[in-house]
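Observations on chain architecture
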Amino acid sequence: MTSTDVRNEAEDSGPSGYAAARLRLLTEGARSGPPRRAALAELTDDWLAGLFTAGARDEDGADRLPRGDGGGRREAPQGVSLVAVGGYGRGELSPRSDLDLLLLHDGTDPKAVAALADRLWYPVWDLGLALDHSVRTPAEARRTAGEDLKVQLGLLDARHLAGDLALTAGLRTAVLADWRNQAPRRLPELQELCAERAERQGELQYLLEPDLKEARGGLRDATALRAVAASWLADAPREGLDDARRRLLDVRDALHLATGRATDRLALQEQDQVAAELGLLDADTLLRQVYEAARVVSYASDVTWREVGRVLRSRAVRPRLRAMLGGGKPVAERSPLAEGVVEQDGEVVLARAARPERDPVLPLRAAAAAAQAGLPLSLYAVRRLAATVRPLPTPWPAEAREQLVTLLGSGRPTIEVWEALEAEGLITRLLPDWERVRCRPQRNAVHVWTVDRHLIETAVRASEFTRRVSRPDLLLVAALLHDIGKGWPGDHSVAGEIIARDVAARIGFDRADVAVLATLVRHHLLLVETATRRDLEDPATVRSVAEAVGAQGTLELLHALTEADAQATGPAAWSSWRGSLVADLVRRVSAVLAGETPEEPEAAAATAEQERLAIEAVATGSPVLALRAQTEPPAEPEAEVPPGGPEPLGVELLIAVPDQAGVLPAVAGVLAMHRLTVRTAELRALDLPAGVEGSVLLLNWRVAAEYGSLPQAARLRADLVRALDGTLDIANRLAERDAAYPRRRGVVAPPPRVTVAPAASRLATVIEVRAQDAPGLLFRIGAALEDATVRVRSMHVSTLGANAVDAFYVTGPEGAPLPGDEATAVARKLEEMLRA
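Note on numbering: residues in each chain are counted from 1, in written sequence order. In view of the model being predicted, local features appear only for residues whose pLDDT reaches at least 70, and side-chain atom pairs are presented and counted only at 80 or more, with totals across whole chains, interfaces and linings using the full set of residues. Side-chain measures here rest on the full set of heavy atoms in the structure, leaving out hydrogens and waters.

1. Some points on the overall build of the chain
Elements are defined by DSSP. Helices are runs of H or I of four residues or more, strands are runs of E of two residues or more, and each kind is numbered from the N terminus. Broken down by element type, the chain carries 31 helices and 15 strands. We call a residue buried when its accessible area falls under 20% of the maximum for its residue type, exposed when it is over 50%, and partly exposed in between, using a 1.4 Å probe and counting protein chains only. Expressed as a percentage of its 836 residues, the buried residues of the chain come to 52%. Only heavy atoms enter the contact rule, under which two residues are in contact if any of them lie within 4.5 Å. Across the chain, every contact between residues at least 6 apart in sequence was considered, and the portion connecting residues at least 24 apart equals 71%. Method for areas: the Shrake-Rupley scheme with a 1.4 Å probe, in which residue coverage is limited to the protein chains shown. Here the chain has roughly 37,900 Å² of accessible surface; of this, 50% comes from carbon and sulfur atoms.

2. Thoughts on the pairing of strand β13 (residues 765-772)
Counting buried residues in β13 gives six out of eight residues, a clear majority hidden from the surface. If DSSP finds at least two bridges between two strands, the strands pair. Relative to β13, strand β12 (residues 753-757) runs antiparallel, the two sharing five bridges. If you follow A757 over to β13, its bridge partner there is V766.

3. A few points about the side chain of E92
With respect to the helices, strands and loops of the structure, E92 is situated in the loop between α3 (86-89) and β2 (99-105). Side chain to side chain, E92 and R245 meet in a polar contact 2.6 Å long. The contact partners of E92, leaving out residues within four places of it in the chain, are R37, G87, S97, R245, L249 and R252. N or O atoms closer than or at 3.5 Å make up a polar contact, with two conditions inside protein: a donor-capable atom paired with an acceptor-capable one, and, for residues adjacent in sequence, both atoms drawn from side chains.

4. Remarks on the sheet that holds strand β6 (residues 341-344)
Taken in spatial order, the three strands line up as β5-β6-β7 in an open sheet, and their pairing is antiparallel. The two strands at the open ends of the sheet, each matched to only one other strand, are β5 (334-338) and β7 (347-350). Averaged over all pairs of adjacent strands, the angle between their axes in this sheet comes to 40°, without regard to strand direction. One ladder, built from four bridges, connects β5 with β6; its direction is antiparallel. Bridging across to β6, P336 finds its partner in V342. Axis definition: a line fitted to C-alpha atoms, limited for helices to the stretch in contact. Angles are taken between N-to-C directions and run from 0 to 180 degrees.

5. Some remarks on the pairing of strand β15 (residues 803-811)
Among the nine residues of β15, eight are classified as buried, and the element is accordingly described as predominantly covered. By the bridge criterion, eight bridges tie β13 to β15 in an arrangement that is antiparallel. Note that in β15 the partner of R770 across the bridge is V805. Note that strand β14 (residues 791-800) and β15 share nine bridges and pair antiparallel. Pairing of M795 across the sheet is with F808, part of β15. The antiparallel pairing of β14 with β15 creates a hairpin that spans two residues between the two strands, and G801 there sits at a positive phi of about 65°.

6. Concerning the sheet that holds strand β1 (residues 80-84)
Within the open sheet, the four strands sit side by side as β3-β2-β1-β4. Their pairing is mixed. For this open sheet the edge positions go to β3 (131-136) and β4 (159-163), each flanked by a neighbour on one side alone. Going across the sheet, the axis of each strand differs from the next one's by a mean of 25°, ignoring polarity. Sitting on the sheet, helix α2 (residues 34-55) touches β1, β2 and β4, and the angle it makes with β4 is about 35°. Against the sheet, helix α7 (residues 165-181) contacts β1, β2 and β4, and its axis sits at roughly 105° relative to β2.

7. Quick look at the nonpolar core
The biggest cluster of nonpolar side chains holds 95 residues, and the ones touching the most others in it are L377, W396, W418, L431 and W434. Among the elements that line this core, the one with the most residues is helix α13 (residues 362-373), at nine residues. Only buried residues count toward a nonpolar core, which is a set of Ala, Val, Leu, Ile, Met, Phe, Trp, Tyr and Cys residues joined through side-chain atoms within 4.5 Å. Counting residues in each nonpolar core, the second largest holds 51 residues, with V703, F779, L830 and L834 among its members.

8. Some details on the packing of aromatic side chains
Pairing of aromatic side chains here covers Phe, Tyr and the six-membered ring of Trp, requires ring centres within 6.5 Å, and sorts the geometry by plane angle: under 30 degrees stacked, over 60 edge-to-face, intermediate tilted. One pass over the full model with this rule turns up four aromatic pairs. Taking the centre distance of 4.2 Å and the plane angle of 5° together, the rings of Y18 and W47 count as stacked. Residue Y18 is found in helix α1 (residues 3-27), and its partner W47 is found in helix α2; the two are separated by 29 residues along the sequence. The class for Y18 is buried, based on a relative accessible area of 0%. Sitting over the ring of W232, R180 keeps its end group 3.7 Å from the ring centre. Consider the ring centre and the ring normal. A charge sits over the ring if Lys NZ or Arg CZ is within 6 Å of that centre and within 35 degrees of that normal.

In structure tokens:
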């Protein structure tokens, strides 16, 4: 049956004909989606237009209302019109949708209009259709819209059905003009309304029984985006938005047909039937499509409301700026965040000199900088990256891996930045295995997130535990990958171990780290399941866990991952009771793993270059240094070499200094002054060749410039000489620089932690520092240790993402390890200094 046949049937038989035609249309399996909604709206339009024309006549056929010369669907009475508003005005009629109608009149004959309203509303009610109706003059409609935001939103979609077309057109023009004139006041009100609704209803993209209309990312938010666009103040990202709205409407149609009710909540018991109605494989496939659509709407909402805020702030500031600049156009301030990345107007954008097509690490660098600064990534920056950046080589360069770790360790801001990358397809390009867990539902009452969001939530939780572990980079990557196997059949831990090995190797971890990550993913449920389901007094239980874990470092990581995973699952997954059981198990397993004391590693022999520098330092009595760029060769012989040579990993800085007090803070301070980031560092006393008298400290550090190019070696050496002889006040120079730049609201890092490692060395006391990496951090630590009158015998510094993990081997003035109480006091004072 064609649309014309359906309309003719409706017209021939009156209300009963409309009901039959409507039923036939809704039960036609071949017609669904937008065509059916459009046909249903057209059928209803014709029926209501017929009711309107008939109602405009009295029983004797005389006109009750004056008529004009035509227009509309029938002869058009002047001074009154029938208008569809809201969802019906948009033509989005689902099987059980309300009919949103406005009877508009000029106020000349209220009694006749009231009689006409009765002849319109009662046939609708008689058919059992839901009706949201009103009778108003244009002035009343505009006044009500000004008082009630929901009424105004409905009128923005006003569509003429019958009667005086000029009356409807006049109202539409006036309402749109009112909306645009009042946008600076009404849009914040609309945003607050959306936020309140999201707080009540939750996020559509994560709910197991979502409300398709009211939840965040649902149809109400899609309508709000249309209203923002109608204001001409800002516009939503349009790519994929119409398709997302269509998918949500299709699901609502199927839900109405499956339940026979006007409901927007996709209950668990109805999901299989709705999936079948849509021709989908199962309820999980249905939910995944819903989540994907909701994610598009949510992201578009975030970007749009951010743009609205920016425009409104700009309008508020612009008059003052123009007055200050004498009428000139203000220039947006751009503040550097990282190489190729700047902050502008509250967003992270690409620098003018950035070349994404030549810099495959740029997406991760920009994302890490945005998360660390607590700022959103600009939509246009992400789209430019998605359109132009070339793929990372395999394995990834070290910088890419470090930037990923920094992004994962940035706390809550990671989520918004990750979603921006995912919205433009960058995440699945970086990590192809992510596609299987993206928007994947978890049918478990304990889980509150989809698989992909749970993985990011776990990384966010794990970022709070980075002070508890010696390898926060492995903890964060394990958090990202621990459930990656849920997209595959079988035990997700077993499948995840295989995937984790591949991903870890691809992003550049060495074999030992790959093995640790694979173990963490394979056994990420081991501790909590054993602690709650096995007898911890049974030695066999503890031995089995020790055999699976294998090493103290892995156990430490697994303990932190277990807690982060549980906390990211939901409130029911973790408790103080579970935590105490897991801690007890970890203590017992740690005792088993500590059964043998490993031999201390022997110091590596000095290279020829190191000996040369040491001899020159002794001969001159001053520091000597050498800078050498480190590059990473192509992964395979036939791999393409990037233009300009292999990707730089950083610069190796070798410094030989005659043994004296203050070497560590002096070197660290000079590097901080020159904006050099320390990625790894080692300090040790060097044995000189026979016949050479003196004692030399050798520093072997890998550094990178925060912005721009590296300073000249001569300048570094000159400043280092001044720092060692006391003529360069590093502390004041660093303080002045920090004061010149306002502090940004960035990620709230967990507090630093300083501990004494028990029995870590027979020759020295080992003090471990875990803190947020920052310029001047190593200088502050070195100065504090100098103040404590301890000597740094050697040290091992690593910057893992945004985390500094430093181990300092210290002795007393006589060269012996510190007594226990004294070591504890030094660690406590150092921690207090770092927290200040």
